[in-house]
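Listed below, chain by chain, are the residues.
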Amino acid sequence: MKKTISIIISIAMCAMLASCGGVKNEVSDTEQPTLMDTMSLEEKVGQILFVRCVEDEQTDDLMSIKPGGILMFGRDFERLTKDEVKEKIQSYQDKSDIPLIIGADEEGGTVVRVSSNPNLAPEKFKSPQEIYNEGGMDAVVENATEKSELLLSLGVNMNLAPVADVSTNPSDYMYDRSLGQNAEVTADFVSKTVTAMNNAGIMSVLKHFPGYGGVGGDSHQGTVYDDKTAESIRENDLLPFKAGIEAGASSVLVAHNTVNALDSENPASLSPTIHNMLRDECGFDGVIMTDDIAMGAVADMENVYVKAVNAGNDLLITTDYQTGYNQILNAVKCGEISEETLNSAVERVLKMKGQI
């Protein structure tokens, strides 16, 4: 109503001034609708799902929900040539009205979805830890650039890296995937890696917030508890994440670990407290994503997708996309998830894609 009154007043004033010879220009056109304005509720729900790549015969079904992105694993690159990978990814983009995030985990070392295929790279990328030990931080930056350029040449626009976890104990579950150094060195590694990825033009993902160091369990298999103190987390584990955020990281992935000192009732990925820490203490205003909801630590929880959205996640990695889509859509329709919450998540995802 206020907007309508304002428009009427403006028109009246222009008419008065024009009659006196003061204004000759006509009233400007009304603002064009934004992408958010034109999207249906169903399309918005699809945009916050980051779906594990499906088999070819399921592609049309997946694309019917208009997902925000597709996450590709080793099997999706296996035995394909570079041209075949590019054609495959382009076929996904061609089926989507809104550009897709095409993601892959190419950390180096034990997690090499792309370079494990000899048709795509002459050898598997070494882990950042090994590269750092051999050539220092300059070699790490060079390697991050090389990985980024390879992925982008195939059509992959997001690398779910770097690992920002602080781990100096070889018995930690995440040690081999981490830099293996203290918080300060790890923070420098994360900052320089994110900068190199930004310069190359690929989206980066800091993981696994609020830090997977000092933990022995595997959340792929079941519940994992982190017993570090809140003081230790703030003084050590958060430093690399803050450094990556300051360097301009596109996204932060939240772990499924239950961090007892911060929230003993919920896995980090479902904890509003831990998401508020990421927003308020770490100053992150970009896309927060869950680790895969198919993982054992959370997969069997009731209304897990609803809890994930209400906790503060903007993008949900999922294998069971139909369950996720229906659960979120129904929750918005019945008010269990507010439209404001959904819109905020969609806006961040679209902004990260450069669509708004």
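Our subject in this report is the structure included herewith. These numbers come from a predicted model, not from an experiment.

A few points about the overall build of the protein
Right, on to step 1. When helices and strands are counted, the protein shows 13 helices and 12 strands.
Right, on to step 2. For the protein, the spread of C-alpha atoms along the principal axes amounts to about 80 × 50 × 40 Å.
Right, on to step 3. The proportion of buried residues among the 356 residues of the protein is 51%.
Right, on to step 4. Within the protein, contacts between residues at least 6 apart in sequence are counted, and of these 71% link residues at least 24 apart.
Right, on to step 5. Of the roughly 16300 Å² of accessible surface on the protein, a fraction of 46% belongs to carbon and sulfur atoms.

Some thoughts on the packing of aromatic side chains
Centre distance and the angle of the planes are the two values used to describe a pair of aromatic rings.
Right, on to step 1. For the coordinates displayed, the defined rule picks out two aromatic pairs.
Right, on to step 2. Judged by centre distance (5.5 Å) and plane angle (35°), the ring pair of Tyr-173 and Tyr-212 falls under tilted. Of this pair, Tyr-173 sits in the loop between strand S6 (158–159) and helix H8 (183–200) while Tyr-212 sits in the loop between strand S7 (203–209) and strand S8 (225–226), placing them 39 residues apart in sequence.
Right, on to step 3. Take Tyr-173: its relative accessible area is 29%, and that puts it in the partly exposed class.
Right, on to step 4. Relative to Phe-241, the ring of Phe-209 lies with its centre 5.1 Å away and its plane at 85°, an arrangement referred to as edge-to-face.

Section: the nonpolar core
Right, on to step 1. Counting residues in each nonpolar core, the largest one holds 53 residues, and the members touching the most others are Leu-62, Ile-70, Phe-77, Ile-102, Val-114, Leu-316 and Ile-328.
Right, on to step 2. Setting aside residues no more than four positions away along its own chain, Ile-328 makes contact with Val-45, Ile-48, Leu-49, Tyr-305, Val-309, Leu-316 and Ile-337.

Topic: the pattern of salt bridges
Right, on to step 1. Counted under the stated rule, the structure contains 18 salt bridges.
Right, on to step 2. Between Lys-126 and Glu-134 there is a salt bridge, with the nearest N and O atoms lying 3.3 Å from each other.
Right, on to step 3. For Lys-126, a relative accessible area of 35% puts it in the partly exposed group.
Right, on to step 4. Between Arg-234 and Glu-281 there is a salt bridge, and its shortest N-O distance comes to 2.8 Å. In this pair, Arg-234 is assigned in helix H9 (residues 230–247) and Glu-281 in helix H10 (residues 272–281), connecting sequence segments 47 residues apart.
Right, on to step 5. A relative accessible area of 36% places Arg-234 in the partly exposed class.

Thoughts on the sheet that holds strand S3 (residues 101–104)
Right, on to step 1. With parallel pairing, the eight strands of this open sheet are ordered in space as S11-S9-S7-S6-S3-S2-S1-S12. Every interior strand has two partners, whereas the edge strands, strand S11 (287–290) and strand S12 (316–318), have only one.
Right, on to step 2. Here S6 runs beside S7; their pairing, made up of two bridges, is parallel. Within the sheet, the bridge partner assigned to Asn-159 lies in S7 and is Ser-204.

Section: the packing of helix H11 (residues 304–311) against helix H12 (residues 321–333)
Right, on to step 1. Packing of H11 against H12 leaves a shortest axis separation of 8 Å and a crossing angle of 60°. The handedness of the crossing between H11 and H12 comes out as right-handed. Here Val-304, Tyr-305, Val-306 and Val-309 of H11 lie close against H12, whose contacting residues are Thr-323, Gly-324, Gln-327, Ile-328 and Ala-331.

Quick word on the pairing of strand S1 (residues 49–52)
Right, on to step 1. Judged from the three bridges that link them, S1 and S12 form a sheet pairing that is parallel. Residue Phe-50 lies in a different strand from S12, and its bridge partner there is Ile-317.
Right, on to step 2. Relative to strand S2 (residues 69–72), S1 runs parallel, the two sharing three bridges. Bridge pairing in S2 places Val-51 opposite Ile-70.

Some thoughts on H8
Right, on to step 1. Under the 1.5 Å per step criterion, the end-to-end length of H8 is 25 Å for 18 residues, consistent within 8% with the ideal 26 Å.
Right, on to step 2. Restricting attention to buried positions, one finds in H8 the residues Ala-183, Thr-186, Ala-187, Phe-189, Val-190, Thr-193, Val-194, Ala-196 and Met-197.
Right, on to step 3. Those residues of H8 hidden inside the fold are in contact with helix H7 (128–154), S6, S7 and H9.
Right, on to step 4. Of the residues that open H8, the one with a side-chain oxygen 3.2 Å from the backbone nitrogen of Glu-184 is Asn-182.

So, a negative patch on the surface
Right, on to step 1. There is a patch of like negative charges on the surface, built from Glu-123, Asp-138, Glu-142, Glu-146 and Glu-149.
Right, on to step 2. You can see Glu-146 is positioned in helix H7.
Right, on to step 3. A relative accessible area of 45% places Glu-146 in the partly exposed class.

Brief notes about H9
One turn of the α-helix equals 3.6 residues, which is why residues spaced by three or four share an orientation.
Right, on to step 1. Helix length check: H9 (18 residues) gives 24 Å between terminal C-alpha atoms against 26 Å at 1.5 Å per residue, within 8%.
Right, on to step 2. Those residues of H9 that fall on the buried side of the exposure criterion are Ala-230, Ile-233, Asp-237, Leu-238, Pro-240, Phe-241, Ala-243, Gly-244 and Ile-245.
Right, on to step 3. Those residues of H9 hidden inside the fold are in contact with H8, S7, strand S9 (251–254), strand S10 (258–259) and H10.
Right, on to step 4. Immediately beyond the C-terminal end of H9, within one or two residues, lies Gly-248, with a positive phi of roughly 100°.

Concerning the environment of Ile-48
Right, on to step 1. Considering the arrangement of structural elements, one finds Ile-48 in the loop between helix H3 (41–47) and S1.
Right, on to step 2. Here the alpha-carbon distance between Ile-48 and Leu-316, two residues 268 residues apart in the chain, equals 6.1 Å.
Right, on to step 3. Those residues in contact with Ile-48, other than ones at most four positions away along the chain, are Val-309, Asp-314, Leu-315, Leu-316, Ile-328, Leu-342, Ala-345 and Val-346.

Thresholds, definitions, all that
- Residues numbered from 1 in each chain as written.
- Predicted model: local features only at pLDDT ≥ 70, side-chain atom pairs only at ≥ 80, totals over all residues.
- Heavy atoms only, no water.
- Helix = DSSP H or I, 4+ residues; strand = E, 2+ residues; numbered from the N terminus.
- Buried < 20%, exposed > 50% of the residue type's maximum accessible area, 1.4 Å probe, protein only.
- Contact = heavy atoms within 4.5 Å.
- Areas by Shrake-Rupley, 256 points an atom, 1.4 Å probe, with all protein chains shown as cover.
- Phe/Tyr/Trp six-rings, centres within 6.5 Å; stacked < 30°, edge-to-face > 60°.
- Core = buried A, V, L, I, M, F, W, Y, C linked by side-chain atoms within 4.5 Å.
- Salt bridge = Lys/Arg side-chain N within 4 Å of Asp/Glu carboxyl O.
- Pairing = 2+ DSSP bridges.
- Axes fitted to C-alpha atoms, helices over the stretch in contact; angles between N-to-C directions.
- Left-handed = near helix turned anticlockwise from the far one by under 90°.
- Expected span 1.5 Å × (residues − 1).
- Polar contact = N/O pair within 3.5 Å; in protein donor to acceptor, adjacent residues only side chain to side chain.
- Patch = residues over 30% accessible without salt bridge, like charges linked within 9 Å, V, L, I, M, F, W, Y side chains within 5 Å.
- Lys, Arg positive; Asp, Glu negative; His and termini not counted.
- Charge placed at Lys NZ, Arg CZ, Asp CG, Glu CD.

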